[in-house]
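Tertiary structure, described
Okay, here's what each chain looks like letter by letter:
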Amino acid sequence: MTATPAVSKTKKPVAAKPAKKTAPTSPPMFSYKAGTGLVAHVLAGGPVPGKGCDVAVVAVYKGGELSASAKRADIDTDGLVSHACKTDKSLGNSGTCRVVFNSGKEGAPVYVLAGLDDAEKLNAKTLRKATTAACDALKSLKPAKVFFALNQEVPKKSDDKDIAALCARTITESFYSFSACKKQDDDVAAPPTFELACTKSTQSAVEKGAAIGLAIGTGMQLTKDLGNLPGNICTPNYLAETAKAMAKQYKLAVDVLDHKKMEALGMFSLLSVGKASSEPPKLIVLKYNGAKDPKEAPVVLVGKGITFDTGGISLKPGAGMDEMKYDMCGAASVLGTMKAVAEMKLPLNLIVVVPTAENMPAGNASKPGDVVVSMSGQTIEILNTDAEGRLILCDALTYVERFNPAAVVDVATLTGACIVALGHVNTGLFSPDDDLANELLKAGQSALDTAWRMPLDEEYHEQLKSNFADIANIGGPPAGSVTAACFLQKYTKAYTWAHLDIAGTAWHSGKAKGASGRPVPMLAEFVMKRAKS
């Protein structure tokens, strides 16, 4: 037997491992957290523009009359301010603006002259209009720091704190922008820092006012973000996660009820709305305990959270349906109000409740003629599946009885009929309680976020009678916003209640399409007044 010759083993060349494919970066919008965008910073400054000031905003009145800050600016600019008023006779009228570049060595490099109309007729509306116009002018100048003196022009029956708050809020509103769903630029210019003019005697009031205005402004920012996000992002779960993030940030108590928990409570009216959607409905409860007495009866705000409304089987027309992502602006506004309250650390107890669902058509969707049982035990005949907001609100309004509330205000983009009645100027206000209604009306007037009281006469309830259930979910075309409120009223007998229909005020259509942030100013003013009493 001969030996087999040894064969040398040659190593096979090892193929280079393919580079690991990195997962594509998710678009920024999918990780976007509502209410975290840039906000114009507003604080108290001094009596004159300080070092590092890029632009100063001063007031001029009708006929070229100069305010105290404008007179100082005229000296610093060697008469350029008064010259501008002489050459432009319209300067000083409400809403007018003029940019003056200072060639002198004193004062600010640039001045914005904002018109306040007649000095004797000065009011908060005129100041708000002038502030907005000035902010529009500032956007093209792109300053880093602004000395802002319009808050020194205080109308009769107002004070330095209230006017500083109004100006600060208006500034934050003016510099709000929504770009979460657009390709993100690396360098996003931050809004300017604003220093509100004040003296030693007014500094404390201006500081407090600036803080209040900034808190309300940031609350409105959250509300606008949630309203502007598309329905594929801002889902019931997204609202729940937003509430949880707020709870963590401000040390609030939060509870999110899922389908199983709501079913155990008998919330079949709420569940009927979301059953045809792949997005499960939820009930979100957020609690702020700021009162000295933790057992003090809370104010409760309930916000309608339909994250997208197709109308269900009673399908809406296709044109304009994209705007139905704003059908959760009631939820957005109560969450925004909670953010403002937490920022201000108000001494009261506040609870926010958000019933939220997506209203979709499918084989298992509710149908016209179906009957569902609400948490209260009352049965409801669903004559129109597009009247779904009241179906989720009624169970939430029953649920809040357990809190023994001092007052309950529900907020909802409830009816197109309210837009027919009041347009886009006033929010519809419904309440059987005169004191609560007047509180809200006055809060709206103070905040320039107005409402108009609507009726709740017993005769309107006749329209909601059903042959097959305790109540029908619609009452026909006549007085549609009133009968919707009457429907809700049937679930609020245990406490003092008001309903705000914000269908016409929560959203801007057309060229300026987007959420308005209303009625956060009204609700914040209402809660602040409650905290003081």
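Summary of the structure given here. As the structure is a prediction and not an experimental result, all values here were calculated from the model.

Sizing a probe to match a water molecule and rolling it over the atoms shows the empty space that remains. By volume, the largest pocket amounts to about 970 Å³. In this structure, the largest pocket is lined by 35 residues; those nearest its centre are R128, E173, K224, H508 and S516. Mapped onto the lining of the largest pocket, the elements with two or more residues apiece are α3 (124-141), α4 (160-174), α5 (203-228), β19 (507-508) and β20 (514-515). In terms of residues, the lining of the largest pocket owes the most to one element, α3, which gives five residues. When the residues that make up the lining of the largest pocket are grouped by side-chain class, the tally is ten nonpolar, 14 polar and eleven charged.

Its location among the elements puts T356 in strand β11 (residues 349-359). Here T356 falls in the buried class, since its relative accessible area comes to 0%. Taking the C-alpha atoms as reference, T356 lies 31 Å from K292; in sequence the two are 64 residues apart. Setting aside anything within four residues of it in sequence, one finds T356 in contact with P236, L239, P281, K282, I284, G305 and T307.

Another aspect to go through is the packing of α4 against α5. The axes of two packed helices give the description: the angle between them and the distance between them. Where α4 meets α5, the closest approach of the two axes is 7 Å, and the angle between their N-to-C directions is 35 degrees. Crossing of α4 against α5: the hand is right-handed. Of the residues in α5, those in contact with D160, K161, A164, A165, A168, R169, T172 and E173 of α4 are A205, V206, K208, G209, A210, I212, G213, L214, I216, G217, M220 and K224. Tallied by class, the residues present in the contact of α4 with α5 amount to ten nonpolar, four polar and six charged.

Now for the sheet that holds strand β12 (residues 370-373). Taken together, three strands build an open sheet; the order of strands is β12-β13-β17 and the sheet is mixed. Looking at which strands have only one partner, the edges of the open sheet turn out to be β12 and β17 (471-472). Here four bridges tie β12 to strand β13 (residues 379-382), and the two strands are oriented antiparallel to one another. Bridge pairing in β13 links V371 to E381.

Under the counting rule described, the total for this entry stands at 19 salt bridges. With a closest N to O distance of 3.5 Å, E388 and K304 form a salt bridge. Here E388, found in the loop between β13 and α10 (389-399), pairs with K304, found in the loop between β9 (299-303) and β10 (305-309); they are 84 residues apart in sequence, far enough to count as distant. Residue K367 pairs with D370 through a salt bridge whose shortest N-O separation is 3.4 Å. Its relative accessible area of 45% is what places K367 among the partly exposed residues. One salt-bridge network, held together by shared partners, links R128, R169 and E173.

Further remarks concern the nonpolar core. Formed by 71 residues in total, the largest nonpolar core has its most connected members in L226, L239, L286, L335, L346 and V409. No other element matches the ten residues that helix α9 (residues 329-344) contributes to this core. Apart from residues no more than four positions distant in its own chain, L239 is found in contact with L226, C234, I284, T307, M328, A331, L335, V354 and T356. Core analysis: the next-biggest nonpolar cluster, separate from the first, contains 45 residues, V273, V353, A484 and F487 among them.

Within a sheet, adjacent strands bond to each other through the backbone by hydrogen bonds, running parallel or antiparallel. Across the sheet, six strands lie side by side as β1-β6-β5-β2-β4-β3; this open sheet has mixed pairing. Each edge of the open sheet is held by one strand with a lone partner, namely β1 (41-44) and β3 (97-101). The mean inter-strand angle of the sheet, taken between neighbouring strand axes irrespective of direction, is 25 degrees. Across four bridges, strand β5 (residues 145-148) lies against strand β6 (residues 193-196) in parallel orientation. Paired with F148 across the strands is L196, a residue of β6. Lying on the sheet, α3 is in contact with β2 (55-60), β3, β4 (110-115), β5 and β6; it crosses β4 at an angle near 150 degrees.

Turning our attention to empty space enclosed by the protein. With the rule as written, the count across this model stands at two cavities of 30 Å³ or more. In this structure, the largest cavity occupies an estimated 80 Å³ of space. Forming the walls of the largest cavity are 13 residues, and the residues nearest its centre are S272, V273, N359, S366 and T385. Each residue belonging to the lining of the largest cavity can be placed in one class, and the counts come to seven nonpolar, five polar and one charged. The volume enclosed by the second largest cavity comes to roughly 60 Å³. Surrounding the second largest cavity, L38, V39, T172, E173, F175, Y176, G217, M220, Q221 and K224 form its lining. Of all the secondary structure elements, the ones that give two or more residues to the lining of the second largest cavity are α4 and α5. A total of four residues in the lining of the second largest cavity trace back to one element, the largest contributor, which is α5. The residue makeup of the lining of the second largest cavity, split by class, is five nonpolar, three polar and two charged.

Thresholds, definitions, all that
Residues numbered from 1 in each chain as written. Predicted model: local features only at pLDDT ≥ 70, side-chain atom pairs only at ≥ 80, totals over all residues. Heavy atoms only, no water. 1 Å grid on protein atoms, 1.4 Å probe; cavity = no way out; pocket = protein on both sides within 12 Å on 5 of 7 lines; lining within 4 Å. Points joined across faces, edges and corners; volume = space filled by probe spheres on them. Helix = DSSP H or I, 4+ residues; strand = E, 2+ residues; numbered from the N terminus. Nonpolar A, V, L, I, M, F, W, Y, C, P; charged D, E, K, R; others polar. Buried < 20%, exposed > 50% of the residue type's maximum accessible area, 1.4 Å probe, protein only. Contact = heavy atoms within 4.5 Å. Axes fitted to C-alpha atoms, helices over the stretch in contact; angles between N-to-C directions. Left-handed = near helix turned anticlockwise from the far one by under 90°. Pairing = 2+ DSSP bridges. Salt bridge = Lys/Arg side-chain N within 4 Å of Asp/Glu carboxyl O. Core = buried A, V, L, I, M, F, W, Y, C linked by side-chain atoms within 4.5 Å.

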